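Residues per chain are reported as follows:
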Amino acid sequence: MVVAPQHHVGIVKVLRGIIRYRHIFREKMVRQFQIIKDDPHPDAVFFTCIDSRMIPTRFTMTNVGDMLITRNAGNLIPHASSYDPNAITTEPAALELGCVINNIKDVIVCGHSDCKAIGILHGLRDPATVSLLDKQVSPLKAWLCRHAASSFRKFDKLKAAGFKEPLEFQSETPMRRFVAYIDPENKFEEVDKLSQVNVLQQVENIASYPFIKEGLVDGSIHIHAFWFDIYTGDLYYFSRQQKRFININEKNINKLIMEVG
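Residues numbered from 1 in each chain as written. Predicted model: local features only at pLDDT ≥ 70, side-chain atom pairs only at ≥ 80, totals over all residues. Heavy atoms only, no water.

In this structure, Asn252 sits in the loop between β8 (244-247) and α11 (253-260). For Asn252, a relative accessible area of 16% gives the class buried. Separated by 2.6 Å, the side chain of Asn252 and the backbone oxygen of Asn247 make a polar contact. Once you skip the residues sitting within four places of it in the chain, Asn252 turns out to touch Ile246 and Asn247. (Helix = DSSP H or I, 4+ residues; strand = E, 2+ residues; numbered from the N terminus. Buried < 20%, exposed > 50% of the residue type's maximum accessible area, 1.4 Å probe, protein only. Polar contact = N/O pair within 3.5 Å; in protein donor to acceptor, adjacent residues only side chain to side chain. Contact = heavy atoms within 4.5 Å.)

Written out as structure tokens, the structure is:
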């Protein structure tokens, strides 16, 4: 067996993984490709973080052709007000591809515990005070300051209230809003609370796009907020009825299905 030099461990792990895939999964996957052929019908657009511990197809048990997945640092979707046709990011393009071109009805945003990008945002204290030079040398800080500052401001408001008061988020139309209690049992660290706030802010951001808003108003598009605890493997769903993230489990799954249906 060839032992790779230490500095090549990453690519060697990937290459050997490809060989395992060829022996174990390739045949099954090709059969699935043949079933959907050139006409897949994905059922959800799924936004999540690039964190290596986040494997959405595994914890949702979805398969070939089921979801369009977009990943970035902090699972952010820029607000429509920041749209610039000369510097477009992939997230609004993914929304259009999914909901307009593919007529997908469900959009999901999924954050997670111990998010390193959100940890950096939390450490900035105030994104508005980050220097231009710092942003120029740090693409990550520039990304967070531009597109996650609204999440930070809501979190700052939550923290000032001792994490006890609810937050309000813009919903499908200017006249509709939803209320959220963040971690009312105080189970999670501050960074995780910020991560949950951030997920809900992305719901608001997604709803800001005109081509999405039309579907939200007539009920043909629905936005959902998930949050994954990487330490327990539990997935949480934000229930607008209960105004909080709730653990998805065997006891409440039927009630959740009724709520989202």
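Still to come is the rest of the account.
Another aspect to go through is the pairing of strand β7 (residues 234-239). Of all six residues in β7, five are buried, a share of seventy percent or more. Examined bridge by bridge, strand β6 (residues 222-229) and β7 share four bridges and lie antiparallel to one another. Each bridged residue has a counterpart across the sheet, and for Phe226 the counterpart in β7 is Tyr237. Joining the antiparallel neighbours β6 and β7 is a turn of four residues, in which Gly233 adopts a positive phi near 80°. As defined by bridge partners, β7 adjoins β8 across four bridges and the pair is classed as antiparallel. (Pairing = 2+ DSSP bridges.)

A few words now on empty space enclosed by the protein. Within this structure, the stated rule accounts for one cavity of 30 Å³ or more. A volume near 60 Å³ is recorded for the largest cavity. Forming the boundary of the largest cavity are Pro78, His79, Ser82, Tyr83, Asp84, Ala87, Ile88, Thr89, Pro92, Arg146, His147 and Tyr209. Here the lining of the largest cavity is composed, by residue class, of six nonpolar, four polar and two charged. (1 Å grid on protein atoms, 1.4 Å probe; cavity = no way out; pocket = protein on both sides within 12 Å on 5 of 7 lines; lining within 4 Å. Points joined across faces, edges and corners; volume = space filled by probe spheres on them. Nonpolar A, V, L, I, M, F, W, Y, C, P; charged D, E, K, R; others polar.)

Look at the UniProt record and you will see "binding site: Zn(2+)" (unreviewed entry) annotated at Cys49, Asp51, His112 and Cys115. Despite a sequence span of 67 residues, these residues sit close together in the fold, their greatest C-alpha distance being 9.0 Å. By secondary structure assignment, the location of Cys49 is in strand β1 (residues 44-49). When near neighbours in sequence (up to four residues on either side) are disregarded, Cys49 contacts Met54, Arg71, Asn72, Ala73, Gly74, Asn75, Cys110, His112 and Cys115. Assignment of secondary structure puts Asp51 in the loop between β1 and α3 (56-59). If we ignore the near neighbours within four places in the chain, the residues touching Asp51 are Arg71, His112, Asp114 and Lys116. (UniProt positions renumbered as here; feature names shortened; annotations may be inferred.)

This next bit is on unusual backbone geometry. Backbone geometry places Asp114, a non-glycine residue, at a positive phi of 50°. Within the fold, Asp114 resides in the loop between β3 (106-112) and α5 (116-124). Taking the relative accessible area as the measure of exposure, Asp114 reaches 21% and is therefore partly exposed. Despite not being glycine, Arg125 has its phi angle at roughly 70°, a positive value. Among the secondary structure elements, Arg125 is positioned in the loop between α5 and α6 (132-137).

Attention now goes to the packing of α5 against helix α9 (residues 190-206). The N-to-C vectors of α5 and α9 enclose an angle of 105°; their axes lie 9 Å apart at closest approach. With respect to α9, the axis of α5 lies roughly perpendicular. Side by side, α5 and α9 meet where Ile118, Gly119, Leu121 and His122 of the first sit next to Glu190, Val191, Leu194, Ser195 and Asn198 of the second. (Axes fitted to C-alpha atoms, helices over the stretch in contact; angles between N-to-C directions. Parallel < 35°, antiparallel > 145°, perpendicular 65-115°, else oblique.)

Below, the discussion takes up helix α10 (residues 210-218). Listed in full, the buried residues belonging to α10 are Ile212, Gly215 and Leu216. For α10, the arc enclosing every buried residue in end-on projection is 100°, short of the 170-degree limit, so these residues lie on one face. Opposite the packed face of α10, turned more than 90 degrees from it, sit the exposed residues Pro210, Glu214, Val217 and Asp218. As for α10, its buried residues are in contact with α4 (90-101), α9 and β6. Gly219, located one to two residues past α10, shows a positive phi value of around 80°. (Arc of directions from axis to C-beta.)

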